[in-house]
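# Inside the fold
Each chain, written out:
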There are 2 protein chains.
Amino acid sequence: MATPETTTQLPHDVHSEHHLTSSAMLQDVVIGLSDGLTVPFALAAGLSGAVSSSGLVITAGLAEIVAGSIAMGLGGYLAGRTEVEHYASELDREHREVKEVPDKERAEVDELLADMGLSEATRRQAVAELTADPEQWVKFMMKYELGLEEPDPRQAPKSAFTISAAYAVGGLIPLSAYFFTDTPRQGLLYSAIITLVCLFVFGYFKSRMTGQPPVAGAVKMAVVGALAAAAAFGIARLVGGA
Amino acid sequence: MATPETTTQLPHDVHSEHHLTSSAMLQDVVIGLSDGLTVPFALAAGLSGAVSSSGLVITAGLAEIVAGSIAMGLGGYLAGRTEVEHYASELDREHREVKEVPDKERAEVDELLADMGLSEATRRQAVAELTADPEQWVKFMMKYELGLEEPDPRQAPKSAFTISAAYAVGGLIPLSAYFFTDTPRQGLLYSAIITLVCLFVFGYFKSRMTGQPPVAGAVKMAVVGALAAAAAFGIARLVGGA
């Protein structure tokens, strides 16, 4: 389950827009891996407390990985498509408003500039310049009134694929331990060791990437995984034992 | 698994900022429900193709719901906290830069205004006004250079709780069918009916909320759920049957 983060809507430094393609992909990998390492791990751990067959843990784990990666990938793809359509419809609306109610739109530009802190004299001049060319005027409204950047229509399918694949890869890591062990309990032991190490390493690099303290980030990531697994283990034990 | 959407970073109309609190909550409910209705449904459907005990489907389903809602909630909480820290550290940095390298920062303001389409004469005047008060200058840099809005520190725990709860509620809907049926196959039938109806209704209102065509949105939502469930069913059948 993705933490509330996103590829296409992360605030980004306007100076680093040319880095966007590669970092968008990296962010998608991070989104997919975060969830892929956590949820299938916790589900498998939970079932290990309730069933005696490793095969069952593997079956459920693979079903979860497939379900999760389709839900994330396809859901992400549709959300991306919606964003593209939303941008296009807002763009149409702004073009129409600039043509049909220019005085109202001009007042909105003035209001935005006042909000930035410009004096009335400067605003009068700035409004005249910004509204001289309708294309530039609409571009200004989209970006500064609505806070919308033009989404790249090729981004949605790419993101969907990357997130899905990262989720599947992340999910297979904790599950792999059950392939090579005889009982779910043994599987759980190795799965927990492998996964917590991966979450730690992953949290470290994820935090470094976003400029956060890396060791704290590594610990947080591992703690989320461990808590989710412990809770799933507890509930499955309770229900499965009843 | 959340689609790449987010509460705190959605582009929003500056005119509707006062609606933010209630709509942030609604968005969190949407994020939690989208995933909660989809993934536990698909997992349970998958297991229904591979096991003969409804109890096992329920155990795995509950473990998934617990794992998923903790991963989403706690993950979201930590992401929100990181955002608050990130904002604070960027704010410090801008304050320092405005004091230590004011000429470089002034050039950045000028560049942003040039990008908006202002003439050199207007820019000269505007830069002088925007950089007259250091507080306002820093606020301008945060918002227009870095694209950062000040996050509400109380939002992270609220969002975490709402997303978790919505995920759990969403997940219990498809799972509830297995409580009242004797075999996983019967459970799957009722679970699919209930869940697809819920996904359809939910997709309808979600799309209306975001101004998209509601029927198309309803169909998309139901299709994602159905595909995820069918794929999970297929893989569990394949593995569980081996």
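Remember, predicted model here, so these are calculated numbers, not experimental data.

Attention shifts here to the nonpolar core. If you look at the biggest cluster of nonpolar residues, it comprises 55 residues, and the most contacted ones within it are Y178 of chain A together with Y178 of chain B. The residues contacting Y178 of chain A, other than those within four sequence positions of it, are A44, A45, S48, S54, V57, I58, P184, G187, L188 and S191 of chain A. Within the second largest apolar cluster, 36 residues are counted, among which are L113 and M116 of chain A together with Y87 and W137 of chain B.

Turning to a nonpolar patch on the surface, a few remarks are in order. Residues and elements named next belong to chain A. A grouping of L189, Y190, I193, I194, V197, V201 and F205 is seen on the molecular surface, where their side chains present a nonpolar patch of about 650 Å² in accessible area. Within the secondary structure layout, Y190 lies in helix α7 (residues 184-209). Overall, the relative accessible area of 44% leaves Y190 in the partly exposed class.

Gaps between atoms show up when a probe of the same size as a water molecule is rolled over them. All told, the structure shown has two cavities of 30 Å³ or more when counted by the stated rule. What the largest cavity holds in volume is close to 60 Å³. As for the largest cavity, its lining consists of Q136, K139, F140, K143 and Y144 of chain A together with D115 and M116 of chain B. If you list the elements that add at least two residues to the lining of the largest cavity, you get α5 (134-145) of chain A together with α3 (102-116) of chain B. The element that contributes the greatest number of residues to the lining of the largest cavity is α5 of chain A, accounting for five residues. A per-class count over the lining of the largest cavity returns three nonpolar, one polar and three charged. In this structure, the second largest cavity encloses a volume near 30 Å³.

Here we take up the relation of the copies chain A and chain B. By a simple turn and slide, chain A fits onto chain B: the slide is 0.0 Å along the axis, the RMSD is 0.1 Å, and the turn is 180°. The transformation just described matches what one would write down for a two-fold rotation axis. With an isologous cut-off of 70% or more, the 100% of interface residues of chain A that recur at the interface of chain B puts this contact in the isologous class.

This part is about the UniProt feature "transmembrane region" (unreviewed entry) in chain A. All names here are of chain A. When the UniProt feature table is mapped onto this chain, "transmembrane region" (unreviewed entry) is found at residues 160-181, 187-205 and 217-239. Helix makes up 91% of residues 160-181 and strand makes up 0%, while its end C-alpha atoms are separated by 33 Å. In residues 217-239, the share of helix is 100% and the share of strand is 0%. The end C-alpha atoms are 33 Å apart.

For helix α4 (residues 120-130) of chain A, every residue scored as buried is listed here: T122, R123, A126, V127 and L130 of chain A. For α4 of chain A, the arc enclosing every buried residue in end-on projection is 130°, short of the 170-degree limit, so these residues lie on one face. Of the surrounding secondary structure, the elements contacted by the buried residues of α4 of chain A are α3 (102-116) and α5 of chain A together with α3 and α4 (120-130) of chain B.

Here the focus is the layout of surface pockets. By volume, the second largest pocket amounts to about 200 Å³. In terms of lining residues, the second largest pocket is bounded by Y87, L91, H95, E135, V138, K139, M142, K143, L148, E149 and E150 of chain A together with D115 of chain B. Counting residues per element, the ones that place at least two in the lining of the second largest pocket are α2 (54-100) and α5 of chain A. Here the element with the most residues in the lining of the second largest pocket is α5 of chain A; it accounts for five residues. Looking at the lining of the second largest pocket, its residues break down into five nonpolar, one polar and six charged.

The relative placement of two aromatic rings is captured by the distance of their centres and the angle of their planes. Considering all chains together, one arrives at seven aromatic pairs over all chains under this definition. Taken together, a centroid distance of 5.5 Å and an interplanar angle of 80° make the contact between Y204 of chain A and F205 of chain A edge-to-face. Ring centres of F179 of chain B and F180 of chain B lie 6.3 Å apart, and the angle between their planes is 70°; on these two criteria the pair is classed as edge-to-face. Put simply, the rings of F140 and Y144 of chain A together with F140 and Y144 of chain B pair up and form one aromatic cluster.

Contacts between the two partners involve 78 residues from chain A and, on the opposite side, 78 residues from chain B. Taken together, the two surfaces of chain A and chain B that pack against each other cover about 6,700 Å², and 69% of this comes from carbon and sulfur. Along the contact surface separating chain A from chain B lie two salt bridges. We note a salt bridge from K143 of chain A to D115 of chain B, for which the minimum N-O separation is 3.7 Å. Going through the elements one at a time, α1 (20-48), α2, α3, α4, α5, α6 (155-179) and α8 (214-240) of chain A are the ones with two or more residues in the side of chain A that touches chain B. When grouped by side-chain class, the residues that make up the side of chain A that touches chain B number 45 nonpolar, 21 polar and twelve charged.

Procedures and definitions
- Residues numbered from 1 in each chain as written.
- Chains lettered and ligands numbered in written order.
- Predicted model: local features only at pLDDT ≥ 70, side-chain atom pairs only at ≥ 80, totals over all residues.
- Heavy atoms only, no water.
- Core = buried A, V, L, I, M, F, W, Y, C linked by side-chain atoms within 4.5 Å.
- Buried < 20%, exposed > 50% of the residue type's maximum accessible area, 1.4 Å probe, protein only.
- Contact = heavy atoms within 4.5 Å.
- Patch = residues over 30% accessible without salt bridge, like charges linked within 9 Å, V, L, I, M, F, W, Y side chains within 5 Å.
- Areas by Shrake-Rupley, 256 points an atom, 1.4 Å probe, with all protein chains shown as cover.
- Salt bridge = Lys/Arg side-chain N within 4 Å of Asp/Glu carboxyl O.
- Helix = DSSP H or I, 4+ residues; strand = E, 2+ residues; numbered from the N terminus.
- 1 Å grid on protein atoms, 1.4 Å probe; cavity = no way out; pocket = protein on both sides within 12 Å on 5 of 7 lines; lining within 4 Å.
- Points joined across faces, edges and corners; volume = space filled by probe spheres on them.
- Nonpolar A, V, L, I, M, F, W, Y, C, P; charged D, E, K, R; others polar.
- Least-squares fit on C-alpha atoms with pLDDT ≥ 70 in both.
- UniProt positions renumbered as here; feature names shortened; annotations may be inferred.
- Arc of directions from axis to C-beta.
- Phe/Tyr/Trp six-rings, centres within 6.5 Å; stacked < 30°, edge-to-face > 60°.
- Buried area = accessible area lost by both parts, 1.4 Å probe.

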